[in-house]
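Analysis of the macromolecular model
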Amino acid sequence: MRFILIVVIFAALVACKDQNTTEENREVAATTSQTSIDEEQLLDEVQKQTINYFWDGANKDSGLAPERIHMDDIYPSDDKNVVTIGGTGFGLMAIVAGAERGFIAKDSAFVRLQKMVDFLDKADRFHGAWPHWLDGTTGKVKPFSKNDDGGDLVETAFLVQGLLTVAEYYKNGSEEEQALAAQIQRMWEEVEWDWYTQGEDVLYWHWSPNVGWKMNFPVGGYNEALVMYVLAAASPTHPISKEVYKKGWAVDGQIAKDTTMYGMRTILNHYEHNDDAPVGPLFWAHYSYLGLNPKGLTDQFGDYWKLNVNHAKIQYEYAIDNPKEFKGYGPDLWGMTSSYSMKGYAGHRPGNDLGVISPTAALSSMPYTPKESMAFLEHLYTDLDSLVGTYGPYDAFSLQEDWYLPRYLAIDQGPIPVMIENYRSGLLWDLFMKNEDVLNGLQKLGFSSPYLKTEED
């Protein structure tokens, strides 16, 4: 087995971990108690590498996450200096995991996180929402597309998820740490979630100071954006009503019309919008659940743990079934999500299968499918290690087409170390779910969760 045992990934690497704390907080003790030392080392390695995307790979001026890092130094869209808001939210959580595991010195992590928050505090915002992209030097909006040059509420939600996690990590710390937590609280309270409804019972994804609501994208029906609705309901200053969640996100209950694939229920309807595919790309099971713990999380529409477990297992079974007979697909090579491909960026999933495997799909599903995800990880790092580089597995590859590029995307690298940490210790889940505003939002929307106090408690 080839291990790229990285002993100096970060400038501030420290030597040891708090093993007792790690053991006490394991979310999946029944599984991990039998994990071999080689598997533990391999999990350490992939976490170190992917966290390093947000550490050594960070934009030098802002500390934020670059939208993409191309090791071949080819940037067709001239966006080397562009930073991503959603990816930065993932990166904030990755750095916390790195600090807690001893991959980054805690004082260095704090300095970096303060730098990032200060930059975000001064950057362009639109009714409190950040844009999809920023210039990493100036903090000015970088248009994502022709009409997408203003606030992006979904990306903002992913960022706020990370910010609130950081705030919880530091809120009981030193005077400086408490000040950072208070700064984050102010920034979170400045997001005008209710304004993004246009007075309707739904949240809109975009608004531009130049073209207004021209993007016209109401967010309804199941996708990656559950945490946006939870945060919008949770806001202590600009909240939405439960009706916005029920009529907008849940489409008046239509979201609960599930189907089955390989004998497993999808729990929610992944495609409200006339798409034949039964399940979406796997990032839908990751982005909102980096902080929002789906274990025991239910509402009137579904069980979110079963939703995500079944989503991952359906994709696993699809790879074994391999209806298009693509080379390599099987029990140790599976997982499709939105990523690079031979045809550019594409939303890979059953129904849109190009023969491309995206490592983040299986690896970020580690809490849901630990054995299946570990089999993928071991196969990748032993038999396909040419597809692994400085910042972990490259974004995507196709054995069928003998294709890969030495390139990374923040939104694909970020969920890997965060979800692996949630699998190993539950750290990010526990931090985010301790936030009182978040708990109030979940309660307001009618969720049940082990984190919510009941009358009996």
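Residues numbered from 1 in each chain as written. Predicted model: local features only at pLDDT ≥ 70, side-chain atom pairs only at ≥ 80, totals over all residues. Heavy atoms only, no water.

Some details on the overall build of the protein
Operational definition: Only DSSP runs of H or I covering at least 4 residues are called helices, and only runs of E covering at least 2 are called strands; the numbering of each starts at the N terminus. The cut-offs for exposure are 20% and 50% of the maximum accessible area for each residue type, with area from a 1.4 Å probe on protein chains only; residues under the lower value are buried, those over the upper are exposed, and the others partly exposed. Methods summary: accessible areas were calculated by the Shrake-Rupley approach with a probe of 1.4 Å, and residue burial reflects only the protein chains presented.
When you go through the protein residue by residue, the secondary structure sums to 16 helices and 18 strands. Sorting the 457 residues of the protein into buried and exposed places 62% on the buried side. Put simply, the protein shows about 17,300 Å² of open surface, and 47% of that area lies on carbon and sulfur atoms.

A word on the packing of helix α6 (residues 153–170) against helix α8 (residues 226–234)
Going by this rule: The convention used is that axes are lines fitted to C-alpha atoms, helices contributing only their stretch in contact, and that angles between N-to-C directions extend from 0 to 180 degrees. Angular relationships are summarised with four words: roughly parallel below 35 degrees, roughly antiparallel beyond 145, roughly perpendicular across 65 to 115, and oblique for the angles in between. Contacts are residue-level and defined by heavy atoms, with any inter-residue pair within 4.5 Å sufficient. Residue polarity is assigned by list, with Asp, Glu, Lys and Arg as charged and Ala, Val, Leu, Ile, Met, Phe, Trp, Tyr, Cys and Pro as nonpolar; anything else, Gly included, falls into the polar class.
For the pair α6 and α8, interaxial distance at closest approach is 9 Å and the crossing angle is 70°. On the basis of the axis angle, α6 is roughly perpendicular to α8. On the side of α6, the interface is formed by Leu153, Val154, Ala157, Phe158, Val160, Gln161 and Leu164, while α8 contributes Val227, Met228 and Leu231. Counted by class, the contact of α6 with α8 contains nine nonpolar, one polar and no charged residues.

Quick notes on the packing of aromatic side chains
Put simply, the test is: Here a pair means two rings of Phe, Tyr or Trp (six-membered ring of Trp) with centres within 6.5 Å. Their orientation is stacked below 30 degrees between planes, edge-to-face above 60, and tilted elsewhere.
Counted according to the given criterion, the structure contains 32 aromatic pairs. Arranged with centres 5.2 Å apart and planes meeting at 75°, the rings of Phe110 and Tyr170 form a pair that is edge-to-face. Of this pair, Phe110 sits in helix α5 (residues 106–122) while Tyr170 sits in helix α6, and the two are 60 residues apart along the sequence. Accessibility classification places Phe110 together with Tyr170 in one group, the buried group. A ring pair is formed by Trp195 and Tyr196, whose centres lie 5.4 Å apart and whose planes are at 80°; its orientation type is edge-to-face.

Points about the pattern of salt bridges
Two side chains that carry opposite charge are able to pair once their charged atoms sit near each other. The condition that has to hold: Salt bridge, as used here: a side-chain nitrogen of Lys or Arg that lies within 4 Å of a carboxyl oxygen of Asp or Glu.
Inspection of every chain in the model, using the stated rule, returns 17 salt bridges. Among the ionic pairs, Arg424 bridges to Asp44, the shortest N-O distance being 2.9 Å. Within this pair, whereas Arg424 is found in helix α14 (residues 415–424), its partner Asp44 is found in helix α3 (residues 37–53), the two being separated by 380 residues in sequence. Taking relative accessible area as the criterion, Arg424 reaches 0% and is therefore assigned buried. Its relative accessible area of 14% is what places Asp44 among the buried residues.

Quick look at the nonpolar core
Taken as a class, soluble globular proteins show a tendency for nonpolar side chains to be buried jointly. Stated precisely, the cut-off is as follows: As used here, the term nonpolar core means buried Ala, Val, Leu, Ile, Met, Phe, Trp, Tyr and Cys residues forming a set that is joined through side-chain atoms within 4.5 Å.
Trp130, Trp193, Met228, Tyr229, Leu231 and Tyr304 are the most contacted members of the largest nonpolar core, which has 145 residues in total. Among the elements that line this core, the one with the most residues is α6, at 12 residues. Residues contacting Tyr229, with those up to four places away along its chain left out, are Val202, Leu203, Val219, Ile240, Val244, Tyr245, Gly248, Trp249 and Leu445. In this structure, Tyr340, Val356, Ala396 and Leu409 belong to the second largest nonpolar core, which totals five residues.

Some details on the side chain of Ser288
To keep it simple, the criterion reads: Two N or O atoms count as a polar contact when they lie within 3.5 Å, although within protein this holds only if one can serve as hydrogen donor and the other as acceptor, and sequence-adjacent residues are included solely when both atoms are side-chain atoms.
Here Ser288 is to be found in the loop between β9 (264–265) and β10 (298–299). Assessed through its relative accessible area of 1%, Ser288 is described here as buried. Within polar-contact distance, the side chain of Ser288 engages the backbone oxygen of Glu224 at 2.6 Å. Here Val227 takes part through its backbone nitrogen, which lies 2.9 Å from a polar atom of the side chain of Ser288. What Ser288 contacts, discounting residues up to four positions off in sequence, is Phe158, Gln161, Glu224, Ala225, Leu226 and Val227.

With respect to the environment of Ser398
With respect to the element layout, Ser398 can be found in strand β16 (residues 397–398). The sequence separation of Ser398 and Ser341 amounts to 57 residues, and the corresponding C-alpha distance is 8.1 Å. Discounting chain neighbours no more than four positions away, the residues touching Ser398 are Met342, Gly355, Val356 and Trp403.

Notes on helix α10 (residues 304–321)
What counts is decided by this rule: Helix span, expected: 1.5 Å multiplied by one less than the number of residues in the helix.
Between its terminal C-alpha atoms α10 stretches 25 Å, which fits the 26 Å expected from 18 residues at 1.5 Å a residue. Buried within α10 we find Tyr304, Leu307, Asn308, Val309, Asn310, His311, Ala312, Ile314, Gln315, Tyr316, Tyr318 and Ala319. At the N-terminal boundary of α10, the capping side chain belongs to Asp303, with an oxygen 3.0 Å from the backbone nitrogen of Trp305. One or two steps after α10, the chain reaches Asn322, where phi turns positive at roughly 50°.

Some words on the confidence of the model for the protein
What counts is decided by this rule: pLDDT runs from 0 to 100 and stands for how confident the predictor is about each residue.
Counting all residues, the mean pLDDT for the protein is 92, and 90% of those residues have values of 70 or more. A low-confidence stretch, residues 1–35 stays under pLDDT 50, and its non-local contacts, those more than four residues away or across chains, total 67 contacts.

Digging into the packing of helix α4 (residues 85–101) against α6
Two quantities define a packed helix pair, namely the angle between the helix axes and the distance between the axes. The condition that has to hold: Rotating anticlockwise by less than a right angle from the far helix to the near helix defines a left-handed crossing, while the corresponding clockwise rotation defines a right-handed one.
Running from N to C, α4 and α6 point in directions that differ by 25°, and their axes come no closer than 6 Å. Here α6 runs roughly parallel to α4, going by the angle between their axes. With respect to the hand of their crossing, α4 and α6 are arranged in left-handed fashion. Between α4 and α6, the residues in contact are Ile85, Gly86, Gly87, Thr88, Gly89, Phe90, Leu92, Met93, Val96, Ala99 and Glu100 and Glu155, Thr156, Phe158, Leu159, Gln161, Gly162, Leu163, Thr165, Val166 and Tyr169, respectively.

Some points on α8
When you tally the buried positions in α8, you get nine out of nine residues, the bulk of the element. Taken together, the buried positions of α8 are Leu226, Val227, Met228, Tyr229, Val230, Leu231, Ala232, Ala233 and Ala234.

Points about the side chain of Asn308
For Asn308, the position within the fold is in helix α10. Looking at Asn308, its side chain comes within polar contact range of the side chain of Tyr368, at 3.3 Å. Setting aside its immediate chain neighbours within four residues, Asn308 contacts Tyr222, Ala285, Tyr289, Pro294 and Tyr368.

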